[in-house]
Amino acid sequence: MHGSSDTLIGAVMNMDEGRVRALVEGGADIDAPDRKLQTPLILAAKTDQFRIAEYLIGKGANILAASKFGWTVGYAAQSSKLVRGPEAEARDRVLDQLRRRGFPFPAAEP
């Protein structure tokens, strides 16, 4: 395990989609950053967990947040190398959601 699943960041780090959902439904701060100022949304996108990213966006996560090093959900999504499968399909939906919500593309590099 990479981190405590008691926090939203930890649940994302552990790739535990069920725990992410439970924590959010339980009132966890959806935008609470880690020490690198990565939000759960940024971390999910950076690690190609786009089903979690899609869920977090749907729950109101801040799509314009940037980490300490300049990572954004938009940059992570546009630079993802996923080709096919459920996460690639979710990535494409995330990109569509970001465009509809006005995320500036192309996203700036970190």
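What you see is a predicted model, and the numbers here were worked out from it, not measured in a lab.

The rules behind each value
- Residues numbered from 1 in each chain as written.
- Predicted model: local features only at pLDDT ≥ 70, side-chain atom pairs only at ≥ 80, totals over all residues.
- Heavy atoms only, no water.
- Buried < 20%, exposed > 50% of the residue type's maximum accessible area, 1.4 Å probe, protein only.
- Helix = DSSP H or I, 4+ residues; strand = E, 2+ residues; numbered from the N terminus.
- Arc of directions from axis to C-beta.
- Contact = heavy atoms within 4.5 Å.
- Phe/Tyr/Trp six-rings, centres within 6.5 Å; stacked < 30°, edge-to-face > 60°.

1. Notes on helix 2 (residues 17-25)
Along helix 2, the residues that are buried comprise Val-20, Leu-23 and Val-24. On an axial view of helix 2, the arc spanned by its buried residues comes to 95°, and they lie on one face. On its buried face, helix 2 is in contact with helix 1 (8-13) and helix 4 (50-58). Just downstream of helix 2 lies Gly-27, where phi reads positive at about 100°.

2. As for the packing of aromatic side chains
Applying the stated criterion across every chain, the model contains two aromatic pairs. Between the aromatic rings of Trp-71 and Tyr-75, the centroid separation amounts to 5.2 Å while the plane-to-plane angle is 70°, which identifies the pairing as edge-to-face. Judged by its relative accessible area of 25%, Trp-71 falls in the partly exposed class. Taking the centre distance of 5.0 Å and the plane angle of 50° together, the rings of Phe-103 and Phe-105 count as tilted.

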